[in-house]
Amino acid sequence: MSPLPERAAPRVEVHPDAHALATAIAGELLHRLSDAQAAGRTPHVVLTGGTIADAMHHELTRLAPASGVDLGEVELWFGDERFVGGEDADRNVGQVRRAFLDPAGVPARRVHAMPATEDASDVDAAAASYAQELAEHGPEEFDVVMFGVGPDGHIASLFPGFPQLAEETATVLGVRDAPKPPPERVTLTYPALRRARAVWFLVSGEGKAEAVATAHAPGTTKEQIPAVGLTGTEDTRWFLDRDAASRL
Ligand code: 6PG
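What comes next concerns the included structure. (Residues numbered from 1 in each chain as written. Predicted model: local features only at pLDDT ≥ 70, side-chain atom pairs only at ≥ 80, totals over all residues. Heavy atoms only, no water.)

For soluble globular proteins, the rule of thumb is that nonpolar side chains tend to be buried together. Ranked by internal contacts, the top residues of the largest apolar core, which has 68 residues, are Met146 and Phe201. With residues near it in sequence (within four places) discarded, Met146 still touches Ile25, Leu29, Val45, Val46, Leu47, Thr48, Met56, Trp200 and Leu202. (Core = buried A, V, L, I, M, F, W, Y, C linked by side-chain atoms within 4.5 Å. Buried < 20%, exposed > 50% of the residue type's maximum accessible area, 1.4 Å probe, protein only. Contact = heavy atoms within 4.5 Å.)

In this section: the environment of Val12. The residue Val12 is located in strand β1 (residues 10-15) in this model. For Val12, a relative accessible area of 38% gives the class partly exposed. Between the C-alpha atoms of Val12 and Ala245, which are 233 residues apart in sequence, the distance is 8.9 Å. Once residues lying within four places of it in the same chain are set aside, the contact partners of Val12 are His216, Trp238, Leu240 and Leu248. (Helix = DSSP H or I, 4+ residues; strand = E, 2+ residues; numbered from the N terminus.)

Further remarks concern empty space enclosed by the protein. Tallied over the entire structure, the rule returns one cavity of 30 Å³ or more. Looking at the largest cavity, its volume works out to about 50 Å³. Forming the walls of the largest cavity are Leu29, Leu33, Leu47, Leu60, Leu71, Val74, Leu76, Phe100 and Val106. Taken together, the residues of the lining of the largest cavity break down into nine nonpolar, no polar and no charged. (1 Å grid on protein atoms, 1.4 Å probe; cavity = no way out; pocket = protein on both sides within 12 Å on 5 of 7 lines; lining within 4 Å. Points joined across faces, edges and corners; volume = space filled by probe spheres on them. Nonpolar A, V, L, I, M, F, W, Y, C, P; charged D, E, K, R; others polar.)

Turning our eyes to something else, we now look at the side chain of Asp235. When you line up the elements, Asp235 lands in strand β9 (residues 235-241). One polar contact links Asp235 to Arg11, side chain to side chain, over a distance of 3.0 Å. Discounting residues that sit within four places of it in the chain, Asp235 has contacts with Ala8, Arg11, Arg32, Arg197, Ala198, Val199 and Trp200. (Polar contact = N/O pair within 3.5 Å; in protein donor to acceptor, adjacent residues only side chain to side chain.)

Quick look at the sheet that holds β9 now. Spatially, the six strands line up as an open sheet ordered β1-β9-β8-β5-β2-β3, and their pairing is parallel. On the outer flanks of this sheet lie β1 and β3 (75-78), each paired with one strand and no other. Strand-to-strand twist in this sheet, taken as the mean axis angle between neighbours without regard to direction, amounts to 20°. Sheet analysis places strand β2 (residues 44-47) next to β3, joined by four bridges and oriented parallel. (Pairing = 2+ DSSP bridges. Axes fitted to C-alpha atoms, helices over the stretch in contact; angles between N-to-C directions.)

So, about the site of the ligand. Contacts to the ligand come from 13 residues, most closely from Thr51, Arg82, His154, Arg185 and Lys208. Here an oxygen atom of the ligand sits 3.1 Å away from a polar atom, N or O, in the main chain of Gly49. When the ligand sits alone it has 420 Å² of accessible area, and the protein chains cover 88% of it. Applying the majority rule of atoms within 2 Å of the grid points places the ligand in the largest pocket. Looking at the shell around the ligand, its residues break down into three nonpolar, six polar and four charged. (Near = heavy atom within 4 Å. Areas by Shrake-Rupley, 256 points an atom, 1.4 Å probe, with all protein chains shown as cover. Sits in = over half its atoms within 2 Å of the grid points.)

As structure tokens, this is what we get:
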């Protein structure tokens, strides 16, 4: 792999409410996808779960037809997944399927879902299998990596104080004791997530205001707020609503 290029300093963008936030992110994502396709690239995007992501996926479905983006030519990945049965309502991919992939008609071959319990013997085997998928079909650089942010500052399944934060080699790891249920998860690591043109944090609501403020305070480390450890090469952006921005 080539050395890491320059990084873009984080910027903050504040929208009036969660709905406006979801619309803005979906619009911006479609712009990025359209630009990448116009430049002759098949863009690769890392998706996230969570409430604001779900609202954004609904907006993507609504806005995609007029955007000119060919959704058959976009590769979709996941930043993390709960290691549960394939049909479990807890799976991020199920949420994305209902809000976006199915209604927007995204072809299944473009969707790189993480293994469910029936696909892998344990969470480490699931991580190894996704790492192989990423090595074989992943990009040198993702176009956009999106994250929901937990009230504790976690992103993907990288939790404050957890050993996965220190990983500098493996691209995907299993987590067995996540503080937020379900305990078993599969997550991309910093070495994988850093290879991104754009890194976007999607944050809505008063319950996130403190994590957002701490993330932007000088001296905060990624061990305290894992979101702090990530920037994109072209764009690092915190998409907030007013409530999430209220303590900045
Ligand atoms: C999980 C969560 C989490 C989620 C954030 C933001 O780890 O189990 O799903 O990763 O994305 O907590 O979620 P909200 O947008 O719902 O606040």
